[in-house]
Amino acid sequence: MKKRRSSYIIFIVLALVSLFPYDIKAKTVKDFENEVAKYTNELQAKKDKIAKNDQEVAEIKVKIADIENQITTAENEVKRLQQEIIESNKKIEEKNEESKKLIKYLQVVNNENSYLEYIFGSTSIQEMVYRVSVVEQLMDYNKQVMEDLQNLINENNRKQQELNTKSQELDNLKKSLNEQKARIEDDTANIKVGMPKLDEQIKAAKRNVEYYKKLGCGATEDIIACQFRVEGGASIPSSNGYYRPIQYGYMTQGYRGYPGHLGVDIGSRNKTIPIYPIADGQLYFVGYDSAGALIVVLRHNVGGSYLYSTYAHMSSFSGAVSGYINHKRGTSDSIKNGPLISHNTTIGNMGSTGNSFGAHLHLEITTCSWHDKGGCSYGQYVNRTKNPSSLISLPSRWENR
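Residues numbered from 1 in each chain as written. Predicted model: local features only at pLDDT ≥ 70, side-chain atom pairs only at ≥ 80, totals over all residues. Heavy atoms only, no water.

Caption draft 1: Region of interest: the overall build of the chain. In terms of helices and strands, the chain carries eight helices and 12 strands. Every one of the 401 residues in the chain was classed for burial, and the buried ones make up 40%. (Helix = DSSP H or I, 4+ residues; strand = E, 2+ residues; numbered from the N terminus. Buried < 20%, exposed > 50% of the residue type's maximum accessible area, 1.4 Å probe, protein only.)

Caption draft 2: Representation of the pairing of strand S5 (residues 294-302) in the model. In terms of burial, S5 is largely enclosed, as nine of its nine residues are buried. Burial along S5 is two-sided: Leu294, Val296, Leu298, His300 and Val302 and Ile295, Val297, Arg299 and Asn301, pointing in opposite directions, are all buried. With six bridges joining them, strand S4 (residues 281-288) and S5 adopt antiparallel strand pairing. Note on S5: the bridge partner recorded for glutamine 282 is arginine 299. Linking two consecutive strands that pair antiparallel, namely S4 and S5, is a turn of five residues; a positive phi of about 95 degrees is found at glycine 292 within it. (Pairing = 2+ DSSP bridges.)

Caption draft 3: Just the sheet that holds strand S9 (residues 348-349), in detail. Taken together, three strands build an open sheet; the order of strands is S3-S9-S7 and the sheet is antiparallel. Strands at the two margins of the open sheet, each flanked by one partner only, are strand S3 (274-275) and strand S7 (316-317). Across two bridges, the pairing between S7 and S9 is antiparallel. If you follow serine 316 over to S9, its bridge partner there is asparagine 349.

Caption draft 4: Examining unusual backbone geometry more closely. A positive phi angle is found at histidine 313, which is not glycine, with a value near 80 degrees. Relative to the helices and strands, histidine 313 is located in strand S6 (residues 305-314). Residue lysine 373 is not a glycine yet carries a positive backbone phi of 65 degrees. Inspection of the secondary structure puts lysine 373 in the loop between strand S10 (361-366) and helix H8 (378-383).

Caption draft 5: Just the pairing of S4, in detail. The buried count for S4 comes to eight of eight residues, which makes it a mostly enclosed element. For S4 and strand S8 (residues 340-341), the ladder comprises two bridges, and the chain directions are antiparallel. Its bridge partner being in S8, glutamine 282 is matched across the sheet by leucine 340.

Caption draft 6: Representation of the environment of alanine 293 within the structure. Among the secondary structure elements, alanine 293 is positioned in the loop between S4 and S5. Taking relative accessible area as the criterion, alanine 293 reaches 0% and is therefore assigned buried. Spatially, the C-alpha atom of alanine 293 lies 6.3 Å from that of alanine 312, the residues being 19 residues apart in sequence.

Caption draft 7: Up close: the pattern of salt bridges. In total, this model carries three salt bridges according to the counting rule given. Between glutamate 56 and lysine 52 there is a salt bridge, with the nearest N and O atoms lying 2.5 Å from each other. One end of the pair, glutamate 56, and the other, lysine 52, are both in helix H2 (residues 29-109), four residues apart, so they sit about a helical turn from each other. Residue glutamate 56 is classed as partly exposed on the basis of its relative accessible area of 24%. Take lysine 52: its relative accessible area is 47%, and that puts it in the partly exposed class. (Salt bridge = Lys/Arg side-chain N within 4 Å of Asp/Glu carboxyl O.)

Caption draft 8: Here's a closer look at the packing of aromatic side chains. For the structure shown, the criterion picks out four aromatic pairs. On the numbers, 5.1 Å between centres and 65 degrees between planes, the contact of tyrosine 284 with tyrosine 308 is edge-to-face. Remark: tyrosine 308 occurs in strand S6 and tyrosine 284 occurs in strand S4; sequence separation between them is 24 residues. The exposure class of tyrosine 284 is buried, given its relative accessible area of 3%. Take tyrosine 308: its relative accessible area is 2%, and that puts it in the buried class. Ring geometry for tyrosine 288 versus phenylalanine 317: centroids 6.3 Å apart, planes at 75 degrees, classification edge-to-face. (Phe/Tyr/Trp six-rings, centres within 6.5 Å; stacked < 30°, edge-to-face > 60°.)

Caption draft 9: Inspection of the side chain of threonine 310 at higher detail. With respect to the element layout, threonine 310 can be found in strand S6. The buried category is assigned to threonine 310, whose relative accessible area is 11%. When near neighbours in sequence (up to four residues on either side) are disregarded, threonine 310 contacts Ile295, Val296, Val297, His362, Leu363, Glu364 and Tyr381. (Contact = heavy atoms within 4.5 Å.)

Caption draft 10: Region of the structure containing the environment of glutamine 160. Along the polypeptide, glutamine 160 turns up in helix H4 (residues 125-192). Since its relative accessible area comes to 30%, glutamine 160 is described here as partly exposed. Between the C-alpha atom of glutamine 160 and that of valine 78, which follows or precedes it by 82 residues, the distance is 8.4 Å.

Caption draft 11: Structural detail: the nonpolar core. By size, the foremost hydrophobic cluster in this structure holds 31 residues, and its most contacted members are Ile275, Leu283, Val286, Val296, Tyr311, Phe317 and Ile347. Sorting elements by how many residues they give to this core places S5 first, with four residues. Core analysis: the next-biggest nonpolar cluster, separate from the first, contains 29 residues, Val36, Ile236, Tyr306 and Tyr381 among them. (Core = buried A, V, L, I, M, F, W, Y, C linked by side-chain atoms within 4.5 Å.)

Caption draft 12: Representation of the confidence of the model for the chain in the model. Overall, the prediction assigns the chain a mean pLDDT of 76, with 75% of residues at 70 or greater. Ignoring residues within four places in sequence, the model shows residues 1-26, a span with pLDDT below 50, making 19 contacts including any to other chains. (pLDDT = per-residue confidence, 0-100.)

Caption draft 13: Spotlight on the side chain of arginine 384. Within the fold, arginine 384 resides in the loop between H8 and strand S11 (385-386). A polar side-chain atom of arginine 384 sits 3.0 Å from a polar atom in the side chain of threonine 367. (Polar contact = N/O pair within 3.5 Å; in protein donor to acceptor, adjacent residues only side chain to side chain.)

Below, the structure written as structure tokens:
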């Protein structure tokens, strides 16, 4: 019985730990500073790789432009040779007709009686010699006509084959260059996918380090706990429960947990439906991401720690938050002393701004933010996102919050 009870307690503890939306490992100022230094170097390497890729793409574009010019030249050459082939075909037809007439005549002449009549019909020796010479010349001329005819046909075939080969070579080269360009651009896209601009990440990470140093956190104190204590996080209403961010809707994509999709996507039959916070909280960021998506971030008080919720791709901001918009796109500046926002306050409307292929809400939840005073770099932010479905009831469809 005692053993069974212990197992039950262990199960409860593990279940609570699995639901607890925070990292167990603490981060001191020194830890954070070291991680930011390492992260900054990694970002710089990515930035250098992107610059190298961009240079290679630029060079490939020049080559492609040159190939396209060659293709244009080849196409013009094709047109010219095609015209020559048309003219040659006319000559071939003329030679063919001429040959037919000569052959017909020679068939008559070569008839023994006709030939003799033609030769011996001469009125003099001189005329007879002339007539014999004419027949021989006609036979030689016909032979030459046939040789010319065959040469024209062979030359046309050679030109056509040469053009076909050259066009195919140029097409293959252009295809190869386009594939190479696509691979490099994909590499760059994979580096950039779902992340803010690299320069902005580096600046934000460095500002975060300076902020926590000035905050005076203890050498071994967790920086987020320190921030919560110093900033007076208790002033943010405690969130005991969570609400769906729209009145009625459905899930379109679940949590993947990788850069480019760190949250869930939510749709609705109303493509401009109002969006609400998942819980009471403090307005932390209002602005745009590097792709131009409208974003709102709130900071919540959950069990004496911060929790951040991000709402992206909105078509517009509500009046409750629009006065705090940071108009510099891609910036990481958070709002200083933002207002408290109730879970029943509209923060915007669903839309399809930024990197989006249809109206929906992208919702992310994490235990830190890479924005100013958020306690982590973007790389750490990625690792500390949580599946919203583990906190909020998000069935396949719903009709209430």
